[in-house]
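Examination of the molecular architecture
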Amino acid sequence: MKGSSVISKTITFSVRNKTDLGNKLLAVGVYGNMYKVIRCLYSKLQSAVRLSPTMFTEWFSVDSGVRQGDNLAPTLFALFIDELVPLINGLCCGALIGDDMISCLLYADDLVLISGTVDGLQNQLNALNDWTKTQLMNVNTEKTKIMHIRKTTKDRTQFTFRLGDNIVAFVNKYRYLGLTLSEHIDYNVSVSELVSAGSRSLGSLISKFFNMGNMDYDIFTKIYENTVIPVLDYASGVWGAKQYDNIERLHYRAIRTFLGVGKTTPIPAILADMGWHPVFIHNQCNVVRLWCRLMNMPGHRICRKVFVWDRDMSRRYRNTWFNSAKTLLDRCNLSHLTENDSAISTRFILDSVKSKLVADFKDKWFNEINNMPKLRTYKHLKTEFYAEPYVQKHLTRTQRSAIARIRCGTFPLEVERGRYRNIPIEQRVCKMCNSGSIEDEQHFILYCDRYSVLRNKLFTAISPDPAYPLHINELPPNAALNELLSNNNKSIANFILDCDRIRREII
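Because the structure is predicted, anything quoted here is derived from the model rather than measured. (Residues numbered from 1 in each chain as written. Predicted model: local features only at pLDDT ≥ 70, side-chain atom pairs only at ≥ 80, totals over all residues. Heavy atoms only, no water.)

**Some points on the overall build of the chain**
On a plain count of helices and strands, the chain comes out with 23 helices and 14 strands. A compact globule built from 507 residues would reach a C-alpha radius of gyration of about 23 Å, whereas the chain, at 32 Å, exceeds it by more than 25%. Each principal axis of the C-alpha atoms in the chain carries an extent, and together these give about 95 × 65 × 45 Å. Looking at the chain as a whole, 45% of its 507 residues qualify as buried. By sequence separation, contacts in the chain at least 24 residues apart represent 65% of the contacts at least 6 residues apart. Roughly 26600 Å² of accessible area belongs to the chain as shown, and the carbon and sulfur atoms make up 52% of that amount. Distance between charge centres in the chain, computed from 65 positive and 49 negative side chains, equals 3 Å. (Helix = DSSP H or I, 4+ residues; strand = E, 2+ residues; numbered from the N terminus. Rg over C-alpha atoms; globule rule 2.2 N^0.38 Å. Buried < 20%, exposed > 50% of the residue type's maximum accessible area, 1.4 Å probe, protein only. Contact = heavy atoms within 4.5 Å. Areas by Shrake-Rupley, 256 points an atom, 1.4 Å probe, with all protein chains shown as cover. Lys, Arg positive; Asp, Glu negative; His and termini not counted. Charge placed at Lys NZ, Arg CZ, Asp CG, Glu CD.)

**Concerning the packing of helix α22 (residues 477-487) against helix α23 (residues 489-506)**
Where α22 contacts α23, the two axes come as close as 6 Å, and the packing angle between them is 110°. When the interaxial angle is binned, α22 and α23 end up roughly perpendicular. Residue-level contacts link L484, L485, S486 and N487 of α22 to N489, I492 and I496 of α23. A class-by-class count of the residues in the contact of α22 with α23 yields four nonpolar, three polar and no charged. (Axes fitted to C-alpha atoms, helices over the stretch in contact; angles between N-to-C directions. Parallel < 35°, antiparallel > 145°, perpendicular 65-115°, else oblique. Nonpolar A, V, L, I, M, F, W, Y, C, P; charged D, E, K, R; others polar.)

**What to know about a nonpolar patch on the surface**
A contiguous nonpolar surface patch, about 380 Å² in accessible area, is contributed by V49, L51, M55 and F60. In this structure, F60 sits in strand β5 (residues 60-61). On the accessibility criterion, F60 (40% relative accessible area) is partly exposed. (Patch = residues over 30% accessible without salt bridge, like charges linked within 9 Å, V, L, I, M, F, W, Y side chains within 5 Å. Salt bridge = Lys/Arg side-chain N within 4 Å of Asp/Glu carboxyl O.)

**Looking at the confidence of the model for the chain**
Counting all residues, the mean pLDDT for the chain is 88, and 94% of those residues have values of 70 or more. When the elements of the chain are averaged for pLDDT, strand β1 (residues 5-14) gives the smallest value, 49, and helix α10 (residues 245-259) the largest, 97. A low-confidence stretch, residues 10-15 stays under pLDDT 50, and its non-local contacts, those more than four residues away or across chains, total 30 contacts. (pLDDT = per-residue confidence, 0-100.)

**Some thoughts on unusual backbone geometry**
Of note in this structure, I185 is not a glycine but carries a positive phi near 50°. You can see I185 is positioned in the loop between β14 (179-182) and α6 (187-211). Taking the relative accessible area as the measure of exposure, I185 reaches 36% and is therefore partly exposed.

**Digging into the pairing of strand β8 (residues 104-107)**
Sheet topology note: the β8/strand β9 (residues 110-115) ladder contains four bridges and is antiparallel. Bridge pairing in β9 places L105 opposite V112. Between β8 and β9, which pair antiparallel in sequence order, lie two residues; one of them, A108, sits at a positive phi of approximately 55°. (Pairing = 2+ DSSP bridges.)

**Quick word on the side chain of E248**
With respect to the helices and strands, E248 occurs in helix α10. For the buried E248, which has no salt bridge, the nearest side chain bearing the opposite charge is K364, at an N-O separation of 9.8 Å. A polar contact is formed between the side chain of E248 and the backbone nitrogen of F280, at a distance of 2.9 Å. (Polar contact = N/O pair within 3.5 Å; in protein donor to acceptor, adjacent residues only side chain to side chain.)

**Regarding the nonpolar core**
Core analysis: the biggest nonpolar cluster contains 97 residues, and L259, W291, I349 and I445 have the highest contact counts within it. A per-element tally of this core places helix α12 (residues 279-295) first, with 10 residues. Not counting chain neighbours up to four residues away, the residues in contact with W291 comprise F307, W321, F322, A325, L329, L337, T338, I344 and I349. Core analysis: the second largest hydrophobic core is formed by 19 residues, L113, A127, W131 and L163 among them. (Core = buried A, V, L, I, M, F, W, Y, C linked by side-chain atoms within 4.5 Å.)

**What to know about α10**
Given 3.6 residues to a turn, an α-helix orients residues that are three or four positions apart in the same direction. With 15 residues, α10 extends 21 Å from end C-alpha to end C-alpha; this agrees with the ideal 21 Å at 1.5 Å per step. Along α10, the positions that sit buried rather than exposed are N246, I247, E248, L250, H251, Y252, A254, I255, R256, T257, F258 and L259. (Expected span 1.5 Å × (residues − 1).)

**A short note on the packing of aromatic side chains**
This structure, assessed with the given rule, holds 17 aromatic pairs. A centroid spacing of 5.5 Å and a plane angle of 70° characterise the contact between F209 and F220, whose relative ring orientation is edge-to-face. On the criterion of sequence distance, the pair formed by F209 in helix α6 and F220 in helix α7 (residues 217-227) is long-range, its members being 11 residues apart. For the pair F209 and F220, one class covers both residues: buried. (Phe/Tyr/Trp six-rings, centres within 6.5 Å; stacked < 30°, edge-to-face > 60°.)

**Digging into the side chain of N286**
With respect to the element layout, N286 can be found in helix α12. For N286, a relative accessible area of 12% corresponds to the buried category. When sequence neighbours within four positions are dropped, the list of residues in contact with N286 reads D233, S236 and G237.

**Some thoughts on the state of the cysteines**
For the structure on display, the rule yields zero disulfides. This cysteine, C93, is not joined by any disulfide, and C92 carries the nearest cysteine sulfur, 7.2 Å off. No disulfide involves C408; its nearest neighbouring cysteine sulfur is the one of C499, lying 19 Å away. Its relative accessible area of 0% is what places C408 among the buried residues. (Disulfide = S-S within 2.5 Å.)

**A closer look at the pattern of salt bridges**
In this structure the tally under the stated criterion is 21 salt bridges. A salt bridge links K326 to D330; the nearest nitrogen and oxygen atoms lie 3.3 Å apart. One end of the pair is K326 and the other is D330, both in helix α14 (residues 321-331) and four residues apart, which spans about a single turn. Assessed through its relative accessible area of 28%, K326 is described here as partly exposed. In this structure, D498 and R501 form a salt bridge, with 2.7 Å as the shortest nitrogen-oxygen distance. Residue D498 and its partner R501 are both found in helix α23; the two are separated by three residues, about one turn of the helix. Put simply, K374, R376, E416, R419 and E441 are held in one network by salt bridges that share partners.

**Looking at the packing of α10 against helix α11 (residues 267-274)**
The interhelical angle for the contact between α10 and α11, taken along N-to-C directions, is 70°, at an axis separation of 10 Å. Considering the angle they form, α10 stands roughly perpendicular to α11. At the point where α10 passes α11, the crossing takes the left-handed sense. Across from H251, Y252, I255, R256, F258 and L259 in α10, the residues of α11 making contact are I267, I270, L271 and M274. Tallied by class, the residues present in the contact of α10 with α11 amount to eight nonpolar, one polar and one charged. (Left-handed = near helix turned anticlockwise from the far one by under 90°.)

This is the structure in C-alpha cells:
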C-alpha cells in the first residue's frame, strides 16, 4: 500500500438520550439560559409523519437523536463527534502531508478516514466502532465504503476491512460532498457525473421553453446561468484546469435549442450569435480563484498545508494541481506570482486571467469563422463577439430559427444540400429561376427572380419612408445582407419563411 491511500466514508447518526445531551452541553461550557433553552427544545419531543397536506399520523415520542430539520442539530451533532477526532489522530495511522499527518476529515455527519496502510485503516475502523458503541451511536454500514486510491498501474488491495462484525465493501468511485471521486482520481469520472446532473437541469429548462412556446433571451440566459451552470461548475476550482468536451456539448445543446438550429450548425457561429463564452473559461477562472484563496489562507489551515505540500511535490511531478494552476497563470503572463508567498489581489488576478482567456478565445473564434466553408456568408456578417439583436428581440421560435439558419449556413439551399451529395460547387445552381446562379444565401435573399414580389414588399416594409423604398440591390452583396439580417429582424424572418414555403411547394 506504499504510496497509496484508503478512504472510508461513513455516515453516522446520533441516538443519544436526553440525559447525555445535557451532560455534554455542560461539559463543553454551555450553561445558563442557553442550556435551559436547548434542554427545553429536547424535553418531551414528539414527531408525526405527514401523509398528505392535511393528514398526519398519530404523534409519537422521540427519545433519541436530534430534531429533524433543526438549524441547531448539526452543531449539537458536532459537539458529540468532536471527541472522536483526537482519538483517531492519536493512532498516528493517517497519511503524511509534508510534516503533518491527516487521519480524518469531518463535515456535518460525514466522516472520512484516511490511511496509507491497510493495517492503519483497520485500526481506525476498530477505534470508530468501539467509540460509537461507547457513545450509543450507530454507523450507517450501508453507506460506509472503502476506496483504495492509487495509480492506474497498481492493483487494488485484497485486504478485507471490517467495521465490527460487518465487512466493508470496496467501491471504485464515491460521491463526497457532491463531487464524485474515483479510485484513480480521474476527473473525467467526476465531470461525467456533473454533466449527467447538468443534463437533467437543462432538460427541465428545455421542457419549460417548449411548454411556454418561447422564451426571451434574457430569461433563458438567466435561468440557464442559475440552474445549469452552477451544476457544471461545481468544484471546478479542483478539476477545471483543462477543457472537457462533454461539458461544452451540453452548453452547445442549450444554445441550439434556443436558436432552433441543428447539430450540424457550426459551433463558432452559434456561440457568437448567442454571445455566450465557453464554459471552460469560467472553470479555469475558478481554478485561479481557488489558487488565490489558498495563497491568502493562514498557514495553520489544513487546505493551506495541502497546497504547500502539492507545490513542493510539483517540483518532482508534472501532473499536480499546482502545476495546472501555474500553467494557467503562465498563459496569462502572471507566472511571477507563483514564485513567492506574499499576499495577492484576487480581483486583479481574476480580471487579468479572464481578460486573457477571453481574448485568446476570440482570436481563435475569428480564425475559425474565416476558415470554415459553411460560414461563407457569416464571416462577412460577424466580426465581433456579442449577442446579435435578432437573438435578444422578441421573435417567435420559427422566426429566430430562420434567421439563425440563414446566417450560419445551414438553411436547406442547394449550396448546402450539394455538400452532402458531393455535387461540385459550380453545379449547385438555383432550381427556382433560370439564372444559372449558385443558390447560396446571397442569391436566395437578394437576387432570385422567383421571390421578386415578396422582396419588393420587404424593401417597402423596412423603408423609413414608404415613398422612397430602400434600394438594397444597389448595395454590395455583403453590405446588403448585413443590412437585412442585422437590423430588420421580424421582416426578414417572415420573408425567409415565405420564400421557403414557396420553394418547398415547387421543389
